[in-house]
Amino acid sequence: MMIQRYLIAAAALVAAAIPCAAHHSFAAEFDVNQPVTLRGTINHMEWVNPHTWIYVDVKNSDGTVTTWHFEMGPPNALLRMGWRKDSVMPGTAVEITGYRAKDGDAIANAKTVKLPDGRELFSGGSAPGSGGTVDVPGPNGKKE
Amino acid sequence: MRITITVALAFAAAVIAAQGQEPQWTPPRTPDGHPDMQGAWARRGTAINEAKAPSSPLGEFNTTGQPYPTIFNSGVVTTLDRAALASRKTGVVDPPDQVLPWRPEADAARREFMTHMIPPASLKYVEKAARCILPGPVEGDDRSPFFILQRPGEFVLAYEYNHVTRVFHTDGSPHVGKKIRLFMGDSIGRWEGDTLVVDTTNYNDKTSLGRTIPFHSEDLHTVERFSMVSPNLIDYQLTIEDPKLFTRPIRVAAYFMAAQQGTEPMEFACIEGSQTLPNVFGIPFAPAR
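This report concerns the structure included in the present document.

1. Some words on the overall build of chain B
Okay, step 1: Scanning chain B for helices and strands turns up 4 helices and 10 strands.
Okay, step 2: Written out in order from the N terminus, the α and β elements of chain B read α-β-α-β-α-β-β-β-β-β-β-β-β-α.
Okay, step 3: Split into buried and exposed, the 289 residues of chain B put 38% on the buried side.
Okay, step 4: Taking all contacts inside chain B whose residues are at least 6 apart in sequence as the whole, residues at least 24 apart take part in 63%.

Written out as structure tokens, the structure is:
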């Protein structure tokens, strides 16, 4: 399946520091000082408001497997970024980056999901760098 | 019809330009003669980015320079839009230095409150947005679009976020009685030329104004001004007055940009499967199903 990637608009249409109304704070649950990068296989995804969750089976050094829970953006945000329910199927090997939960459990806020072919999907979530691009340039707006 | 108007506008622009004047853009109109702002929009810049705010991890990532992801804009496609966006300020513009005119006792109260928020001492100290409480005049999730519908007597601003629907009555109705208190307030609108001016009162005191303003009073009063300045841009000015918080009103400058054609509202029911409270209180993760 093709996953659309929106290209960053060449003209910087939006200044980087525009304040925006955001959903709840990242920092209440997650720790920016505990970045994680994990390799594992997709267990499943939960497409649910207000946050989609992606479950990744990660093999530990002792051979046991832990199922990590990664928080992503809202289903609507992911859909509009090109994610679909079959974008990552159970069993797909991924490399997933994010920030761990403050209570140190196997829970994190996802930033990027890298697929076996090297493509990187943004999580649409609240961590810095997780939103992918900003403005979609293009022919769909009202034209002059 | 659209092609004819486009040709006419281009001709008019050329004539005016030839006379050495800027072409004036006028918006399309609804049957009752007001600017037609209907459609799907992305809200940008609506946040109270105060200077000298209490340092708090809640505010992390608001000012890192990361653009907050909104991925459904149509993008700027006309020179008029580009001109309208150029040098546009967003966030707090009055006061210009963004140092808010706090009443000392209110400033002290919110600073004290914020010291109990991470980790939250109890449910009362959890961010309102994390509890899926309605967003009030400032908050929301701008990863979701807004939809404007207009008909004589009503201008409706529907947020995809959390099913919020605000109806601005433009039929001359007065505000509802003072004892009625609403999360999103009661809004009446009037047209000043092509600018819609929306006066909102009757707020309850249960919402938040942002990461550094966790509460406000029932005396909150807002005035919003919507002006369509170019084909894909609505200028949005939000004046916030709360005499129990501030010694004078403050103003936020923001805008709405047109969303991609075909953008439709999808359900964003915050309460559906939120894991925020379990995570915040260290309760074991409860799967949605």
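2. Describing unusual backbone geometry
Okay, step 1: With an omega of -10°, the peptide bond between asparagine 49 of chain A and proline 50 of chain A qualifies as cis.
Okay, step 2: Of note, proline 50 of chain A is situated in the loop between β1 (30-46) and β2 (53-59).
Okay, step 3: Of note, the bond from aspartate 94 of chain B into proline 95 of chain B is cis; its omega dihedral lies within 30 degrees of zero at 5°.
Okay, step 4: One can find proline 95 of chain B in the loop between β2 (91-94) and α3 (104-114).
Okay, step 5: Of note in this structure, lysine 52 of chain B is not a glycine but carries a positive phi near 55°.
Okay, step 6: Within the element layout of this structure, lysine 52 of chain B appears in the loop between β1 (39-44) and α2 (79-85).
Okay, step 7: Overall, lysine 52 of chain B belongs to the exposed group, with 11 C-beta atoms counted inside 10 Å.

3. Considerations on the nonpolar core
Okay, step 1: Trp41, Ile48, Ile234, Tyr236, Tyr255, Phe256 and Met257 of chain B are the most contacted members of the largest nonpolar core, which totals 41 residues.
Okay, step 2: Secondary structure elements with two or more residues in this core: β1, α2, β4 (154-159), β7 (195-201), β8 (221-230), β9 (233-241) and β10 (250-258) of chain B.
Okay, step 3: Phe26, Ala77, Ala101 and Ile107 of chain A belong to the second-largest nonpolar core, a separate cluster that totals 33 residues.

4. Some thoughts on the pairing of strand β4 (residues 93-101) of chain A
All names here are of chain A.
Okay, step 1: In terms of strand pairing, β1 meets β4 through 8 bridges, oriented antiparallel. Among the inter-strand pairings, phenylalanine 30 is bridged to a residue of β4, identified as alanine 101.
Okay, step 2: Bridge analysis of β4 against strand β5 (residues 107-114) gives 6 bridges, and the strand direction is antiparallel. When the bridges of β5 are listed, glycine 98 appears paired with alanine 110.
Okay, step 3: Hairpin remark: β4 followed by β5, antiparallel, with 5 residues in the connecting loop; positive phi at glycine 104, about 75°.

5. Quick notes on the environment of asparagine 33 of chain A
Okay, step 1: Note on placement: asparagine 33 of chain A falls in strand β1.
Okay, step 2: Residues asparagine 33 of chain A and arginine 80 of chain A lie 47 residues apart in sequence; the distance between their C-alpha atoms is 30 Å.

6. A short note on the pairing of β2 of chain A
Two faces, one strand: in a regular strand the side chains alternate between the faces of the sheet.
All names here are of chain A.
Okay, step 1: Across 5 bridges, the pairing between β1 and β2 is antiparallel. Bridge assignment links glutamate 46 to a residue of β2, and that residue is tryptophan 53.
Okay, step 2: The turn linking β1 back onto β2 is made up of 6 residues.
Okay, step 3: In this structure, β2 lies alongside strand β3 (residues 65-71), joined through 7 bridges in antiparallel fashion. Paired with valine 58 across the two strands is threonine 66, which belongs to β3.
Okay, step 4: Here β2 hands over to β3 after 5 residues, with glycine 63 in that stretch at a positive phi of 90°.

Reading the values: the criteria
- Residues take numbers from 1 onward in each chain, read along the sequence in its written order.
- All chains are assigned letters beginning with A, and all ligands numbers beginning with 1, in the order in which they are written.
- Local features in this predicted model are restricted to residues of pLDDT 70 or higher, and side-chain atom pairs are both shown and tallied only at a pLDDT of 80 or more, whereas totals for entire chains, interfaces and linings draw on every residue.
- Helical segments are the DSSP runs of H or I of at least four residues, strand segments are the runs of E of at least two, and each set is numbered from the N terminus.
- Once C-beta atoms are placed from the backbone, each residue is buried if 20 or more other C-beta atoms lie within 10 Å of its own, exposed if 12 or fewer, and partly exposed for counts between those two.
- By the convention adopted here, residues make contact when the C-beta atoms placed from their backbones lie within 7 Å.
- Defined on buried residues, the nonpolar core groups Ala, Val, Leu, Ile, Met, Phe, Trp, Tyr and Cys residues joined through C-beta atoms within 7 Å.
- Strands were regarded as paired on the criterion that DSSP finds at least two bridges between them.

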